[in-house]
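Listed below are the residues making up each chain.
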Amino acid sequence: MTYRWILPMALLLCVSTTALSVNYDLLRSQLRSSNSACQKLLRQLNGAPQRCPEDTMNFQVPEEIEQAQQFQKEDAALVIYEMLQHTLRIFRRNFASTGWNETIVENLLVKVHLQMDRLETNLEEIMEEESSTWGNTTILRLKKYYGRIVQYLKAKKYSHCAWTVVQAEMLRSLAFLNGLIDYLQN
């Protein structure tokens, strides 16, 4: 009696695995497109680092992000989500002194939030299946990295020049994000 359930269960497992693999391909494509749109929006903001030569900062991107090693797609998804979450938080801060077009900033926030929404379904599956200590260490380093960016903005009282430096850093961060997105494949 139990043997007649083995074949249907095996087929269900195969279909589920295939569906998940297709989701990663689709997710990668969607994230790459949205991330490209975010980079374009960031470039549209009127910031020029050369106008603020005294305002430079090395925010110390975690090495495993800057020189991406071989990531598992599950770890990459967690790290991408964390980076997007902090990017969203940074651009929700007081940017009034920048003279930036609020519509562009709002569109940027919408695009980042959309990427996070797309990742959430996959992250729920990942959290159910495994717990990664590797991801926890990287996420802690990312929190410190983004914390340094926030501290810099606070110390500079959210000045136009500080935001210009942060804008350049966020463009750099989104470029690293592209590298991580590549790990979301079958």
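This structure is a prediction, so every number in the text was calculated from the model and none was measured.

Description of the confidence of the model for the protein chain
For residues with low pLDDT, the predicted coordinates do not support detailed interpretation.
Next, step 1: Chain-level statistics for the protein chain give a pLDDT mean of 80 and a share of 78% at 70 or above.
Next, step 2: Confidence, expressed as mean pLDDT per element, reaches its minimum in the protein chain at helix H1 (residues 3–44) with 69 and its maximum at helix H6 (residues 160–181) with 90.

Let's talk about the packing of aromatic side chains
Next, step 1: Scanning all chains against the criterion turns up six aromatic pairs.
Next, step 2: Between Phe-91 and Trp-163 the ring centres are 5.9 Å apart and the planes differ by 35°, which places this aromatic pair in the tilted class. Pair noted here: Phe-91 is in helix H3 (residues 73–91) and Trp-163 is in helix H6, with a separation of 72 residues, a long-range link. With respect to burial, Phe-91 and Trp-163 carry one shared label: buried.
Next, step 3: Residues Trp-100 and Trp-163 carry aromatic rings whose centres are separated by 5.4 Å and whose planes lie at 70° to one another, so their mutual orientation is edge-to-face. Of this pair, Trp-100 sits in the loop between H3 and helix H4 (102–129) while Trp-163 is found in helix H6, placing the two residues 63 residues apart along the sequence.
Next, step 4: The buried category is assigned to Trp-100, whose relative accessible area is 5%.
Next, step 5: Residue Trp-163 is classed as buried on the basis of its relative accessible area, which comes to 0%.
Next, step 6: One aromatic cluster is present, built from ring pairs that chain together Phe-91, Trp-100, Tyr-158 and Trp-163.

Considerations on the nonpolar core
Next, step 1: In terms of nonpolar packing, the biggest core is built from 54 residues, with Ile-65, Met-83, Ile-90, Phe-91, Leu-119, Trp-163 and Met-170 touching the most fellow members.
Next, step 2: When residues of this core are traced back to their parent elements, those giving at least two are H1, H3, H4, helix H5 (133–155) and H6.

A look at H6
Next, step 1: Taking 1.5 Å per residue, 22 residues should reach 32 Å; H6 reaches 31 Å between its end C-alpha atoms and fits that length.
Next, step 2: Taken across its 22 residues, H6 has 17 buried, putting it largely inside the fold.

Remarks on unusual backbone geometry
Next, step 1: Positive phi, normally seen in glycine, also occurs at Lys-157, with a value near 55°.
Next, step 2: Along the polypeptide, Lys-157 turns up in the loop between H5 and H6.
Next, step 3: We classify Lys-157 as exposed; its relative accessible area is 70%.
Next, step 4: Even without a glycine there, the phi angle at Tyr-158 is positive, about 55°.
Next, step 5: On the secondary structure map, Tyr-158 appears in the loop between H5 and H6.
Next, step 6: By relative accessible area, which is 16% here, Tyr-158 ends up buried.

Description of the side chain of Asn-178
Next, step 1: Within the secondary structure layout, Asn-178 lies in helix H6.
Next, step 2: You can call Asn-178 buried: its relative accessible area is 18%.
Next, step 3: When residues no more than four places from it in sequence are discounted, the contact partners of Asn-178 are Arg-32, Asn-35 and Gln-39.

Brief notes about the environment of Ile-181
Next, step 1: As for its placement among the helices and strands, Ile-181 is situated in helix H6.
Next, step 2: Excluding residues within four positions of it along the chain, Ile-181 makes contact with Arg-28, Leu-31, Arg-32, Asn-35 and Ile-80.

What counts as what
- Residues numbered from 1 in each chain as written.
- Predicted model: local features only at pLDDT ≥ 70, side-chain atom pairs only at ≥ 80, totals over all residues.
- Heavy atoms only, no water.
- pLDDT = per-residue confidence, 0-100.
- Helix = DSSP H or I, 4+ residues; strand = E, 2+ residues; numbered from the N terminus.
- Phe/Tyr/Trp six-rings, centres within 6.5 Å; stacked < 30°, edge-to-face > 60°.
- Buried < 20%, exposed > 50% of the residue type's maximum accessible area, 1.4 Å probe, protein only.
- Core = buried A, V, L, I, M, F, W, Y, C linked by side-chain atoms within 4.5 Å.
- Expected span 1.5 Å × (residues − 1).
- Contact = heavy atoms within 4.5 Å.

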